[in-house]
Amino acid sequence: MAAMEKISLSQLIVELSDNSALYNQWYKESEMKYGNISSQTLANWMVDVVEPIVEATVALNSATEKVHEVVKALYLEALKLIGSGLAIRYEDEYKAAWLLMAQMPNLVVKFPTKTISLLNDVLLNLHMYAPEKTMYWCKLIVSSRVEIKTIEDFKIVGRIYAWKCGLAHLRIRLNGDFAELSENLQRTILQNLDSDKTADDLFENPWSNRNIKFEGVQGGFVGTTGFFEHPPKLAQIGEHIFVSDSKSSYALFADQFGKVLLPANAVDAAYIVSKAKQLDTSEKWIEKVNAEMDTSTISSNVATKDTLFFTLQNSYFLYVYSLGNA
């Protein structure tokens, strides 16, 4: 293998050498699936990322079969990342995230494939909804790594910190998740969330303020990295807020950390538009909002107990206000 001459960890050298036919076969199979995979890119990944992780796991368990299980999982997943282009397009982010495994080797030793899979799932979600926050997410995980004892801890902590990075749709399930963690881990998380609130308050209330306040926009025209071909309308259906431009359907989630539109293809676009509510001028928030923009141009709106959502005529954006105690 091309990586061999640069690797210094003896256990990794022995594993790759003794099973070279197997690793070469996996490499060729990946090329059949993805096309040409740069041997140099793979070699660099083995040295910069895989070797430090294996070194950390070997300190916990150096049995030959365990080394094989760990290296195999890392190698196969590395081939997927490089073959798909993710490890090239987002090289810094994926390297930083994977190197978290070198700081939590106990998880990799017990569940190598599952740990990598959880990590990659979070990265894909961050790239989709908050691409600029990946390094911040890694930093948050590092600050909690000592208290992350199990794969379930890692899954829950990763989810909570992804929410902190802007994935608002995750909040509704976090209170139950948080309760499953150790007290030490709970304390660390609350510190990292800069919160002096109880977990109940933090996860139940989408906003930290107590006043009516403009919280920004989501959406935009599809031609400029937005979502909509036509000015959208929104409606509340059941417990959720849905948005449509008569062609595409989305569920909208918003809180103090971010705003997310998730595809909702199962909800008919025309049905959403038909459920859109016209402005009621007696609403108690109207005066405050009217001072900031012309509410007569509101084309649809939904006010929940804590959040106001509305659209404007001829606008491709969704406007969000926190209502506090309005």
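Residues numbered from 1 in each chain as written. Predicted model: local features only at pLDDT ≥ 70, side-chain atom pairs only at ≥ 80, totals over all residues. Heavy atoms only, no water.

### Describing the sheet that holds strand 3 (residues 240–244)
- In spatial order, the strands read 2-3-4-5; together these four strands make up an open sheet with antiparallel pairing. In this open sheet, the two edge strands, each paired with only one partner strand, are strand 2 (233–237) and strand 5 (258–263). Adjacent strand axes in the sheet meet at a mean angle of 35 degrees when their direction is disregarded.
- Summarising the sheet, strand 3 and strand 4 (residues 249–255) pair through four bridges and their orientation is antiparallel. Counted as the bridge partner of Ser-244 is Ser-249 from strand 4. (Pairing = 2+ DSSP bridges. Helix = DSSP H or I, 4+ residues; strand = E, 2+ residues; numbered from the N terminus. Axes fitted to C-alpha atoms, helices over the stretch in contact; angles between N-to-C directions.)

### Looking at the nonpolar core
- Core analysis: the largest hydrophobic core is formed by 70 residues, its most contacted members being Trp-45, Trp-98, Trp-137 and Ile-160.
- If one sorts the elements of this core by residue count, helix 4 (residues 64–84) sits on top with 10 residues.
- If we ignore the near neighbours within four places in the chain, the residues touching Trp-98 are Trp-45, Val-49, Ile-53, Leu-74, Glu-77, Ala-78, Leu-81, Ile-116, Leu-119 and Asn-120.
- Within the second largest apolar cluster, 13 residues are counted, among which are Phe-228, Ala-254, Phe-309 and Leu-318. (Core = buried A, V, L, I, M, F, W, Y, C linked by side-chain atoms within 4.5 Å. Buried < 20%, exposed > 50% of the residue type's maximum accessible area, 1.4 Å probe, protein only. Contact = heavy atoms within 4.5 Å.)

### Notes on the state of the cysteines
- This structure, assessed with the given rule, holds zero disulfides.
- Looking at Cys-138, it has no disulfide partner, and the nearest cysteine sulfur is the one in Cys-165, 8.9 Å off. (Disulfide = S-S within 2.5 Å.)

### Considerations on helix 1 (residues 10–18)
- Residues of helix 1 that are buried include every one of Leu-12, Glu-15 and Leu-16, and no others. One face of helix 1 carries all of its buried residues, which in axial projection span an arc of 90 degrees.
- Those residues of helix 1 that are buried are in contact with helix 2 (20–34), helix 3 (39–58) and helix 4. (Arc of directions from axis to C-beta.)

### Things to note about the pattern of salt bridges
- Counted by the stated rule, this structure contains 14 salt bridges.
- A salt bridge links Lys-277 to Glu-283, with the shortest nitrogen-to-oxygen separation between them at 4.0 Å.
- Judged by its relative accessible area of 19%, Glu-283 falls in the buried class.
- Within the structure, one salt-bridge network assembled from shared partners comprises Asp-48, Glu-91 and Lys-95. (Salt bridge = Lys/Arg side-chain N within 4 Å of Asp/Glu carboxyl O.)

### Brief notes about the sheet that holds strand 1 (residues 213–219)
- Here we have four strands laid out as an open sheet, ordered 1-8-7-6, and antiparallel in their pairing. Every interior strand has two partners, whereas the edge strands, strand 1 and strand 6 (298–303), have only one. Neighbour-to-neighbour, the strand axes of this sheet turn through a mean angle of 20 degrees, independent of strand direction.
- The sheet contact formed by strand 7 (residues 307–312) and strand 8 (residues 317–322) spans five bridges and is antiparallel. Considered in strand 8, the bridge of Phe-309 is made with Val-320.

### Topic: a nonpolar patch on the surface
- A cluster of nonpolar residues, Phe-214, Val-217 and Phe-317, forms a patch on the protein surface that exposes about 230 Å² of accessible area.
- Locating Val-217 in the fold gives a position in strand 1.
- Look at Val-217 and you get partly exposed, because its relative accessible area is 35%. (Patch = residues over 30% accessible without salt bridge, like charges linked within 9 Å, V, L, I, M, F, W, Y side chains within 5 Å. Areas by Shrake-Rupley, 256 points an atom, 1.4 Å probe, with all protein chains shown as cover.)

### Here we look at helix 6 (residues 91–98)
- Those residues of helix 6 lying buried are Tyr-94, Lys-95, Ala-97 and Trp-98. Here the buried residues of helix 6 occupy an arc of 165 degrees about the axis, which is enough to place them on one side.
- Check the buried side of helix 6 and you find it contacts helix 3, helix 4, helix 5 (86–89), helix 7 (100–103), helix 9 (112–129) and helix 10 (134–144).

### What about the pairing of strand 8?
- Among the six residues in strand 8, five count as buried, and that is most of the element.
- Where strand 1 and strand 8 come together, six bridges link them in antiparallel fashion. Bridged to Gln-218 within strand 8 is Leu-318.
- In this structure, the hairpin formed by strand 7 and strand 8 is closed by a connection of four residues, where Asn-314 is found at a positive phi of approximately 65 degrees.

### Some words on the packing of helix 6 against helix 9
- For the pair helix 6 and helix 9, the least separation of the axes is 11 Å and the interaxial angle reads 145 degrees. Where helix 6 crosses over helix 9, the two elements pack in a sense that is right-handed. Here Glu-93, Tyr-94, Ala-97 and Trp-98 of helix 6 lie close against helix 9, whose contacting residues are Ile-116, Leu-119, Asn-120, Leu-123, Leu-124 and His-127.
- Of the residues belonging to the contact of helix 6 with helix 9, the class tally is seven nonpolar, two polar and one charged. (Left-handed = near helix turned anticlockwise from the far one by under 90°. Nonpolar A, V, L, I, M, F, W, Y, C, P; charged D, E, K, R; others polar.)

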